[in-house]
Every structure is written in structure tokens, then in C-alpha cells.
Amino acid sequence: MPPEKGLKMRKVVIPIGPQHPALKEPESFNVTLSGERIMAFSARLGYNHRGIEKACEERTYVQDVYLVERICGICSHTHSTSFTQAVEELAALDVPKRALYIRVIIGELERIHSHLLWLGIAGHEVGFDTLLMYSWRDREVVMDILAELTGNRVNYGINVIGGVKRDLEGHHIKDISKAVDTLEERTKYYIDIATKETTLIQRLSGVGKLPHEDALSLGATGPTARASNVARDIRQDDPYAVYSELGFRIVTDNHNDVYGRTLVRLGELMETYRLIRAAVNNLPEGPIAVKAPRKIPEGEVFSRYEAPRGENVHYIKSNGTDKPERVKVRAPTLANVQTVARMLEDEQLADLPIVIAAIDPCFSCTDRMITVKDPDDSNPRGIIKWDDIRSYSIGLYRSRGVDFSLLNKKLAEKLKC
Amino acid sequence: MIRPGKMIKQVLQSLFMKPATLLYPFKKSPMPEHFRGEIIFHPELCIGCQMCVRDCPSRAIKIKKTEDNKFEAEIDLGKCIYCAQCVMSCPKKALESTKEFELAVLDKSKLKIIFSADPKKSSDSQKTP
Ligand code: SF4
Ligand code: SF4
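First things first, this report covers the structure right here in the doc. Keep in mind that this is a model prediction, so the values were computed, not measured. (Residues numbered from 1 in each chain as written. Chains lettered and ligands numbered in written order. Predicted model: local features only at pLDDT ≥ 70, side-chain atom pairs only at ≥ 80, totals over all residues. Heavy atoms only, no water.)

### So, the pairing of strand β8 (residues 324-330) of chain A
Residue and element names in this part refer to chain A. Stated precisely, the cut-off is as follows: A strand pair is defined by DSSP finding two or more bridges across the two strands. To qualify as a helix, a DSSP run of H or I must reach at least 4 residues; to qualify as a strand, a run of E must reach at least 2; elements of each kind are numbered from the N terminus.
Judged from the six bridges that link them, strand β7 (residues 310-318) and β8 form a sheet pairing that is antiparallel. Paired with I316 across the bridge in β8 is V327. In sequence, β7 turns back onto β8 through a hairpin of five residues, with G320 there showing a positive phi of about 90 degrees.

Below, the structure written as C-alpha cells:
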């Protein structure tokens with residue numbers, strides 16, 4: 001029953017997360033509700049910080065390729081390609097064409113795997129689990145082909161600085177074509193479902209609105225932006241690898257809602273099949289890698305890559321040694337997470353899961369830094385020294401009755417024996 | 001035609017199809033050609049150059065000299081990320097990726113595997129050729 005006129009609903013703030021059964025990764029959301037209506041939404045990241053950037057600085061470039069590949073479990077090729085192409089630019093390496101084509105093929109196969117995965121999750125979030133089951137079954141086709149080409153289903157490990165590790169042979173090319181044919185047919189079926197199944201259309205239309213202007217001002221990227229009719233795609237705007245040779249068409253939509261995001265991703269799948277076919281047919285002969293130096297010349301570089309979720313950015317600063325001085329990664333979710341607050345304005349609480357899922361978030365890839373606030377400082381962003389943090393935390397725990405000096409002693413004894 | 005239940009035909013057809021899943025562990029799918037599983041070491045080939053140790057991203061491999069021109073390797077399977085960089089770095093092909101992936105153990109100490117030319121010291125003697 002709608003509340004009577006003049007009777008104001010009391011506002012309720014509910015915290016969701018960081019530990020919550022509905023969340024796949026720990027993150028914290030605060031939702032201010034009036035009844036079922038969302039008045040305000042705020043997200044707090046920082047529960048998945050793994051210190052990967054710092055770890056990169058302590059390892060050589062060779063080792064870092066494997067480390068950055070593990071930033072994301074789904075778009076792993078995205079990160080290793082961004083990283084290697086940045087290092088290759090610093091070292092002024094002339095990467096063979098064949099290697100670039102292979103990178104594009106793997107990258108596009110990865111996009112298929114990511115988008116089909118998303119389709120399933122979106123189905124699951126709106127209670128259409130049949131879609132989840134079938135799209136994930138079909139996703140196995142692309143997982144198998146990735147495993148055949150690279151050795152593993154995820155973390156393909158195909159990139160090295162200077163090229164790729166494994167070549168494509170005749171039978172691989174035949175298998176890719178066969179898989180792409182199967183997947184194309186299945187995607188056509190899903191497009192048919194998405195455009196004709198009325199329950200799905202009605203559930204997704206008008207949910208999580210992000211008008212064109214807001215998508216621009218909030219800096220959305222990837223399918224989130226393209227569903228608000230922002231024709232932005234790094235593959236076209238700043239083509240890397242061999243995208244400029246393959247020809248590329250941006251898929252956009254003007255629904256501005258979750259339904260639009262579904263259509264964009266499905267449309268992108270069709271474009272991806274075309275790209276893979278073009279790459280396989282034009283695959284040049286030649287070597288697949290050049291030898292890279294261990295020490296990378298001094299310099300700074302910025303590398304962009306269109307990941308399945310949006311623009312992925314790697315920044316590397318080299319000081320002439322075999323280890324980078326600084327590695328900075330910006331995963332696409334960081335750009336898109338701000339848009340969620342806008343999308344959820346005045347929406348129903350029940351739409352929250354699908355609206356968050358529709359940006360295809362990857363929170364652990366996003367977590368890049370933690371801010372430590374000095375409680376005694378008037379400047380809340382003041383820099384604290386490492387030792388001060390340590391003594392502060394020891395003091396804090398002591399005031400709560402936890403004394404680590406005892407534990408430390410026990411640990412030392414244990415380690416001795 | 002826009003209508004609900006568009007997928008019903010597919011669902012009903014699936015009733016008469018083989019399951020898409022495999023009855024693991026009774027039936028196993030074959031591992032792909034370039035699969036990167038457990039790393040094994042051939043002591044007779046190693047020259048102790050330490051290239052593998054230098055390039056291992058997770059510091060999982062150690063090469064020790066036991067006698068003159070004899071080396072043993074200790075691989076920590078708990079640390080290894082199965083990237084096979086060590087296999088790539090080795091100039092003598094003393095390291096090799098296998099298709100072995102069922103490596104879980106109940107006792108953590110069993111994750112440290114020693115490959116040695118001396119069969120008594122080797123904790124993985126049955127796999128060392
Ligand atoms: S496979 Fe990778 S992580 Fe494992 S020992 Fe070799 S280099 Fe190290
Ligand atoms: S790289 Fe090969 S030869 Fe050198 S120490 Fe390692 S296993 Fe031995």
C-alpha cells in the first residue's frame with residue numbers, strides 16, 4: 001500500500017557487506033532507503049587490496065608479466081597484454097606481426113568468455129537461471145579452445161615481452177573457426193531470446209538508467225558507456241596491436257539501462273566473431289617473438305587496452321634496471337563504479353543486485369590503494385610513516401587488550417624448533 | 001513474436017540429451033597439449049646456472065649443489081603458480097611441465113618436493129626418471 005499523502009517514510013540506512021551472502025567479493029555498500037526506494041547509495045572499496053603494484057616493483061619485468069596476469073581471473077590476457085605492450089614500447093621492440101595477431105585472437109576469445117559469463121550472471125541476478133545454465137554451458141566451448149591454444153583455461157600465460165610464447169598451427173585455426181561458428185549460432189539464439197522474451201525485456205528495461213550526459217560526466221567506460229550511446233572504444237580510438245588493420249565497428253545502444261547493456265554485450269559478441277575470423281584469415285607468417293633485453297631503458301609509458309569491461313590502463317616508469325620503478329594499474333571497474341550511485345537513484349532495492357552486476361564489476365582488480373587516515377592530524381590525508389603505522393596499530397590493539405608481544409615471542413619459539 | 005517462455009523448447013529438448021557435465025573424478029577430461037601442471041626436474045641435465053631461480057615469479061624453486069656437478073631441486077608446490085617460466089628459462093631442459101594437476105594434499109609439508117639424483121633423498125622418486 002503506498003504511504004498516505006503527508007505521511008513521510010522514515011529513512012533507513014542499511015549496510016551491505018563487506019561480508020554478505022549475496023556478494024561474491026568483499027566490498028561495502030551503504031544504501032539509504034525510504035521504504036523500498038533507494039535515496040542514496042555509496043560504495044566503499046578497499047577490502048581486496050593485494051599490494052600487487054608494490055610486488056611488481058620488487059620483481060623483474062619477466063616475473064611481473066605473470067603477476068599482472070593474475071590481477072584478474074577473467075580478463076587476465078587484458079592485463080598481461082597491457083603490461084607487455086607498455087614494456088615493449090619502453091624498450092623500443094619491434095614485435096612481430098604474427099605475435100600481435102595471436103594476441104588479438106586470444107584477447108577476443110577472452111572477450112567472448114567474459115561476455116557469456118556476464119550474460120549468465122545477469123540472468124541469475126534477475127531469477128532467469130535457465131539463461132545462466134545455457135550460456136555457461138556454451139561458454140565451455142570458448143574455454144576449451146583457449147585451453148587448447150594456450151594450455152590453460154584461465155591465466156593463459158601466452159604473452160612474453162617481445163611477442164607470444166606459442167604459435168598457432170593449422171589444426172588450431174580449424175578448431176577456432178569451428179568454435180566461432182558454434183558460438184555465433186548460439187549468440188544469435190541469445191539475441192533472439194533477449195529481444196523476444198518479454199519477461200526479460202520487462203525486467204531489465206528502465207532499470208539502472210544512466211543518461212548519456214551522466215555517462216560522459218562520470219567517465220563511464222566499456223559496455224556501460226556504450227549502452228548510453230557513448231561511442232568510445234580503445235580498439236577504435238587508440239588502436240593497439242593490429243585492430244587498425246582489422247577494421248572495427250563500435251556497438252552502441254541508446255536504451256541507457258540494463259537492457260541496453262545486455263544488447264551491447266550481445267552485439268559485441270557478434271563483432272568479436274567477425275574480428276576473430278578476420279584475424280585468423282589474415283594471420284601473417286613469420287616469427288612469434290623477438291628477444292627482449294632484461295634491463296629496460298629509462299622512461300615512462302602509458303598503455304591502454306579495451307578489456308571486456310572497459311578501458312584498462314597500465315602506467316610504467318622505468319629507471320633503467322631490470323625492475324620497474326613504478327607500476328600503476330587502473331582496471332575498468334574503478335571508472336564504472338561511480339556510475340552505480342547515479343543508476344540507483346530512486347530505484348527499488350530489489351534492482352540493486354542487477355544494477356551492480358550490469359557494470360560487470362571486478363572489485364579485486366580495482367583495489368589499488370588504501371588511504372590511512374591519521375586520527376591525530378588535522379589534515380586527514382597527511383602521510384604517515386611506516387613505523388608510525390606500526391606503533392599506532394600496536395597501541396590500538398593493546399588498548400583493546402590484545403598484546404602481540406606475547407604472540408611474537410611464541411611465534412619466535414615455534415620458528416626456532 | 002514477443003512472448004514469455006522463449007527458452008522452453010530448448011529446455012524440453014535438453015531432457016533427451018546427454019548431460020553437459022562430466023562425472024569427475026570417475027571420468028577425467030584429457031589435459032590440453034600445452035597444459036602447465038606440476039614441474040619435474042631432471043637432475044642429470046642441470047648445470048646449476050640458477051636461471052630458473054632468478055626468473056621464478058613466486059620464488060618457489062631452489063637449486064642446491066649436493067656434490068660436484070650434482071644438483072637437487074626443491075619445488076614448493078604451495079608457492080608455485082604453474083607458469084612454467086622456469087621451464088622456459090632453463091637452458092638445458094632440466095625442468096619439464098607435466099599434465100599432473102591433482103596436487104592437493106592434507107599434510108602441508110608434502111607440498112615441498114625434492115628431486116635429487118640420489119633416490120634416497122628424493123621425495124618424488126617414482127616420478128624422477
Ligand atoms: S612454474 Fe613458475 S612458479 Fe612454479 S617453479 Fe616454475 S617459475 Fe616458479
Ligand atoms: S635453469 Fe635449468 S640448468 Fe639452470 S639451475 Fe635451473 S634447472 Fe638447472
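### A look at the pattern of salt bridges
Which entries qualify depends on this criterion: Think of a salt bridge as a Lys or Arg side-chain nitrogen and an Asp or Glu carboxyl oxygen that are within 4 Å of each other. Remark: exposure states derive from per-residue accessible area (1.4 Å probe, protein chains only) relative to the maximum for the residue type, with buried under 20%, exposed over 50%, and partly exposed in between.
Here the structure, examined in full by the defined rule, presents 35 salt bridges over all chains. A salt bridge links K6 of chain B to D192 of chain A; the shortest N-O distance between them is 3.4 Å. In this pair, K6 of chain B is assigned in the segment before α1 (8-14) and D192 of chain A in helix α6 (residues 170-196), connecting two distinct chains. The class for K6 of chain B is buried, based on a relative accessible area of 16%. Between D238 of chain A and R304 of chain A there is a salt bridge, and its shortest N-O distance comes to 3.3 Å. With D238 of chain A in the loop between α10 (234-237) and α11 (243-246) and R304 of chain A in strand β6 (residues 299-307), the pair connects residues that are 66 residues apart, well separated along the chain. One network of salt bridges, with partners in common, ties together E108, R111, R226, D233, R235, E268 and E306 of chain A.

### Some details on the sheet that holds strand β2 (residues 61-67) of chain B
Where strands meet in a sheet, backbone hydrogen bonds hold them as pairs that are either parallel or antiparallel. Residue and element names in this part refer to chain B. Note the cut-off: Where helices are involved, their axes are fitted lines through C-alpha atoms of the stretch in contact, as for all axes, and angles between N-to-C directions lie from 0 to 180°.
Taken together, the three strands give an open sheet; going across it, the order is β2-β3-β5, and neighbouring strands pair in antiparallel fashion. Strands at the two margins of the open sheet, each flanked by one partner only, are β2 and β5 (112-115). Averaged over all neighbouring strand pairs, the angle between strand axes comes to 20 degrees, with direction disregarded. As defined by bridge partners, strand β3 (residues 70-76) adjoins β5 across four bridges and the pair is classed as antiparallel. Bridged to A73 within β5 is F115.

### Things to note about the nonpolar core
All names here are of chain A. To be explicit about the condition: Here, the term nonpolar core denotes a set of buried Ala, Val, Leu, Ile, Met, Phe, Trp, Tyr and Cys residues that are joined through side-chain atoms within 4.5 Å. Should any heavy atoms of two residues lie within 4.5 Å, those residues are counted as being in contact.
F41, L109, I112 and I176 are the most contacted members of the largest nonpolar core, which totals 81 residues. A per-element tally of this core places helix α4 (residues 97-125) first, with 13 residues. In contact with L109, not counting residues within four places along its chain, are V142, I145, L146, L149 and I276.

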